[in-house]
Amino acid sequence: MLSIDHLTKSFGRTIAVDAARIEIAQPMMIGIIGRSGAGKSTLLRMLNRLTTHSSGRILFEGRDITALKGAAVRGWQADCAMIFQQFNLVPRMDVVSNVLHGTLNRRSTLRSLFNLFPSADIHRAIDILERLGIAEHAPKRAEALSGGQQQRVAIARALMQDPKIILADEPIASLDPMNAQLVMAALRRIHEEDGRIVIANLHTLDTARRYCDRVIGMRDGRIVFDGTPAQLTTGVARDIYGADASFSESATSTEIETLDREGPGSGPGGRQAAGATV
Ligand SMILES: Nc1ncnc2c1ncn2[C@@H]1O[C@H](COP(=O)(O)OP(=O)(O)O)[C@@H](O)[C@H]1O
Ligand SMILES: [Mg+2]
């Protein structure tokens, strides 16, 4: 489906992403982990064509995404919706209008200017909000919602585009553990129920292990690990994060797992109760 071939991005002398190769043969949920500066955001931004690559190629269902121009790039950006750490909603606008903005790239400027949305779109927006458990907030201003609710509005806006791929750049980095869990569960459901590819940059190991089918570890622009959560041992994690004395798993852990540690299949043992909130 999606094939990333030797994708590289340089900023001057910095090689932010160095010949990344990723093959995604079927829809799955992928977590990308690594230290700050490892190249995670640059990789997602190149995928979405927000950042122009320096070399390499992206193929999606046989199409060369890296060769697209103009309107075709915008078409791809609708197929490949992006969610950000800071939600990027219009704070003073109501929730449902924020969600409807997910349809703007296929509507005329004049209609968009006057917020004239077709009623079918409005119904769909409400359905999507319902699915994400936040329909009752539809008439409120976005800024009146909690961070976790706002991130689910951002997910709803992305779903309005009916994307094949959802890219999420640190979607839970600004959220408390409970909201982080809700947002990750929503992304997981979107993958499982709709068959969309979800690729999320995550700053914590345990979240990647818990929600993703596959984990990709980046270090200094290079992919140094690509495997299942089970293969992501502490030794591998040390390699991804750098095997110096400052490595500690708790520093890369959220409190998500401690919320329901009693639950079945909870992650690796031996974790300290995480004290630090992210
Ligand atoms: N617009 C930019 N201009 C110059 N350097 C950049 C730019 N964006 C990212 N970088 C550099 O590229 C590297 C990777 O950054 P980034 O992709 O943001 O990493 P991550 O998301 O893993 O924290 C870093 O060294 C960063 O400083
Ligand atoms: Mg980043």
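Our structure is the block above this text.
Residues numbered from 1 in each chain as written. Chains lettered and ligands numbered in written order. Predicted model: local features only at pLDDT ≥ 70, side-chain atom pairs only at ≥ 80, totals over all residues.

(A) A look at the site of ligand 1. Contacts to ligand 1 come from Phe11, Thr14, Ala16, Gly34, Ser36, Gly37, Ala38, Gly39, Lys40, Ser41 and Thr42. Among the elements that line the shell around ligand 1, the one with the most residues is helix 1 (residues 40-47), at three residues. Grouping the amino acids of the shell around ligand 1 by side-chain chemistry returns three nonpolar, seven polar and one charged. (Near = placed C-beta within 6 Å. Helix = DSSP H or I, 4+ residues; strand = E, 2+ residues; numbered from the N terminus. Nonpolar A, V, L, I, M, F, W, Y, C, P; charged D, E, K, R; others polar.)

(B) Expanded view of the sheet that holds strand 5 (residues 63-64). Here four strands make up an open sheet; going across it, the order is 2-1-4-5 and the pairing antiparallel. What marks the edges here is a single partner per strand, and that holds for strand 2 (14-24) and strand 5. (Pairing = 2+ DSSP bridges.)

(C) Seen up close, the sheet that holds strand 7 (residues 165-169). The six strands are arranged 6-7-8-3-9-10 in an open sheet whose pairing can be described as mixed. Since the sheet does not close on itself, it has two edges, and those belong to strand 6 (80-84) and strand 10 (222-227), each with one partner. When strand polarity is set aside, the average angle formed by the axes of neighbouring strands in this sheet is 20°. The pairing of strand 3 (residues 29-33) with strand 8 (residues 197-201) spans four bridges and is classified as parallel. (Axes fitted to C-alpha atoms, helices over the stretch in contact; angles between N-to-C directions.)

(D) View of unusual backbone geometry. Despite not being glycine, His6 has its phi angle at roughly 50°, a positive value. Note on placement: His6 falls in strand 1 (residues 2-11). For His6, a count of 12 C-beta atoms within 10 Å puts it in the exposed group. Positive phi is not limited to glycine here, since Ala19 has a value of about 50°. For Ala19, a count of 15 C-beta atoms within 10 Å corresponds to the partly exposed category. (Buried ≥ 20, exposed ≤ 12 C-beta atoms within 10 Å, placed from the backbone.)

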